[in-house]
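# Structure at a glance
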Amino acid sequence: GAGVSQSPSNKVTEKGKDVELRCDPISGHTALYWYRQSLGQGLEFLIYFQGNSAPDKSGLPSDRFSAERTGGSVSTLTIQRTQQEDSAVYLCASSLAGGRDTQYFGPGTRLTVL
Amino acid sequence: RKEVEQDPGPFNVPEGATVAFNCTYSNSASQSFFWYRQDCRKEPKLLMSVYSSGNEDGRFTAQLNRASQYISLLIRDSKLSDSATYLCVVNPSTGRRALTFGSGTRLQVQP
């Protein structure tokens, strides 16, 4: 079946612009995660959605970052007034029900802020 | 101190060698442990879960030492295709249910 998909695969933007990154999780997966990975670094947790519960936003680095998950499926990560330090690969993952369940990652969106 | 720490490597080993990676974690209440593999410019993929009793999957063996708070991964008979970055991953069980990833250990298997 289809895996996690993300779009766009690459995004180049100018400092100060807003960007939207999209994630389509695996159908039927109730848990969805956003991470980012800077060059040569590990994954940094950003936000976690589980079913209809309030999202865990504890990893968002600033109020310029926000995310939504509409209808329990597709999620959009929005970065407002982008800064050069926002440049990274943004990875989305989904799992069946969270917890110990295996997380399946999308291919990521490579964001470059000039 | 980082929640999950790994030696970044790189570990350069010849084909057929046995190589081991360790990883330490800071939260003693952590419940779940995993090794993920990440190829260059690709997304991470689950390699194996780590169980308290230790577990093996083919050439790969994972061990957990709760007393010392470390996890290990042993790869026997290394193949060229094992070249990748290996991420140690912990579920911190502090209410947030996302995983905490180490920065990874890079393995390069040479012919």
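Residues numbered from 1 in each chain as written. Chains lettered and ligands numbered in written order. Predicted model: local features only at pLDDT ≥ 70, side-chain atom pairs only at ≥ 80, totals over all residues. Heavy atoms only, no water.

## Structural notes on the layout of surface pockets
Estimates place the volume of the largest pocket at around 840 Å³. If you trace the largest pocket, you find 33 residues lining it, with Gln37, Leu39 and Gly40 of chain A together with Gln38 and Arg41 of chain B closest to the centre. Secondary structure elements with two or more residues in the lining of the largest pocket: strand 8 (88-95) and strand 10 (109-113) of chain A together with strand 9 (84-91) and strand 11 (105-110) of chain B. When grouped by side-chain class, the residues that make up the lining of the largest pocket number 11 nonpolar, 17 polar and five charged. (1 Å grid on protein atoms, 1.4 Å probe; cavity = no way out; pocket = protein on both sides within 12 Å on 5 of 7 lines; lining within 4 Å. Points joined across faces, edges and corners; volume = space filled by probe spheres on them. Helix = DSSP H or I, 4+ residues; strand = E, 2+ residues; numbered from the N terminus. Nonpolar A, V, L, I, M, F, W, Y, C, P; charged D, E, K, R; others polar.)

## Looking at the interface of chain A and chain B
If you look at the interface, chain A gives 20 residues, while chain B gives 20 residues. Carbon and sulfur atoms supply 52% of the area buried between chain A and chain B, which totals about 1,600 Å² over both sides. Contact with chain B buries area across many residues of chain A, yet Leu43, Arg100 and Phe105 of chain A alone supply 34% of it, more than any other trio. Summed over the shared surface of chain A and chain B, the number is zero salt bridges. Of all elements in the fold, only strand 4 (31-37) and strand 5 (43-50) of chain A reach the threshold of two or more residues within the side of chain A that touches chain B. At four residues, the largest contribution of residues to the side of chain A that touches chain B is made by strand 5 of chain A. Taken together, the residues of the side of chain A that touches chain B sort by class into eight nonpolar, nine polar and three charged. (Contact = heavy atoms within 4.5 Å. Buried area = accessible area lost by both parts, 1.4 Å probe. Salt bridge = Lys/Arg side-chain N within 4 Å of Asp/Glu carboxyl O.)

## A few points about the sheet that holds strand 3 (residues 19-25) of chain B
Hydrogen bonds between backbone groups are what pair the strands of a sheet, and the pairing can be parallel or antiparallel. Residue and element names in this part refer to chain B. In space, the five strands of this open sheet follow the order 1-3-8-7-6, with antiparallel pairing throughout. One side of each edge strand has no neighbouring strand; the edge strands of this open sheet are strand 1 (4-6) and strand 6 (55-57). The sheet shows a mean angle of 20° between the axes of neighbouring strands, taken without regard to direction. Pairing analysis gives six bridges linking strand 7 (residues 60-65) to strand 8 (residues 70-75), with the strands arranged antiparallel. (Pairing = 2+ DSSP bridges. Axes fitted to C-alpha atoms, helices over the stretch in contact; angles between N-to-C directions.)

## Some thoughts on the side chain of Arg69 of chain A
Residue and element names in this part refer to chain A. If you trace the backbone, Arg69 turns up in strand 6 (residues 65-69). Buried within the structure, Arg69 lacks any salt-bridge partner; Asp24 is the closest side chain of opposite charge, at an N-O distance of 9.5 Å. Within polar-contact distance, the side chain of Arg69 engages the backbone oxygen of His29 at 3.0 Å. Polar side-chain contacts of Arg69 include one of 2.9 Å to the backbone oxygen of Ser73. Beyond its immediate sequence surroundings of up to four residues, Arg69 is in contact with Pro25, His29, Thr30, Ala31, Leu32, Phe49, Gly51, Val74 and Ser75. (Buried < 20%, exposed > 50% of the residue type's maximum accessible area, 1.4 Å probe, protein only. Lys, Arg positive; Asp, Glu negative; His and termini not counted. Polar contact = N/O pair within 3.5 Å; in protein donor to acceptor, adjacent residues only side chain to side chain.)

## Structural notes on the state of the cysteines
In the structure shown here, the tally under the stated rule is two disulfides over all chains. The disulfide bridge from Cys23 of chain A ends at Cys92 of chain A, spanning 1.9 Å between sulfur atoms. Taking the sign of the S-S torsion, -65° for the link of Cys23 of chain A and Cys92 of chain A, the bridge is left-handed. On the criterion of sequence distance, the pair formed by Cys23 of chain A in strand 3 (residues 19-24) and Cys92 of chain A in strand 8 is long-range, its members being 69 residues apart. The burial state of Cys23 of chain A is the same as that of Cys92 of chain A; both residues are buried. Between Cys23 of chain B and Cys88 of chain B runs a disulfide, and the two sulfur atoms are separated by 1.9 Å. Where Cys23 of chain B bonds to Cys88 of chain B through sulfur, the torsion about that S-S bond is close to -70°, and the disulfide is left-handed. Of this pair, Cys23 of chain B sits in strand 3 while Cys88 of chain B sits in strand 9, and the two are 65 residues apart along the sequence. Take Cys23 of chain B and Cys88 of chain B: they sit in the same class, and that class is buried. (Disulfide = S-S within 2.5 Å.)

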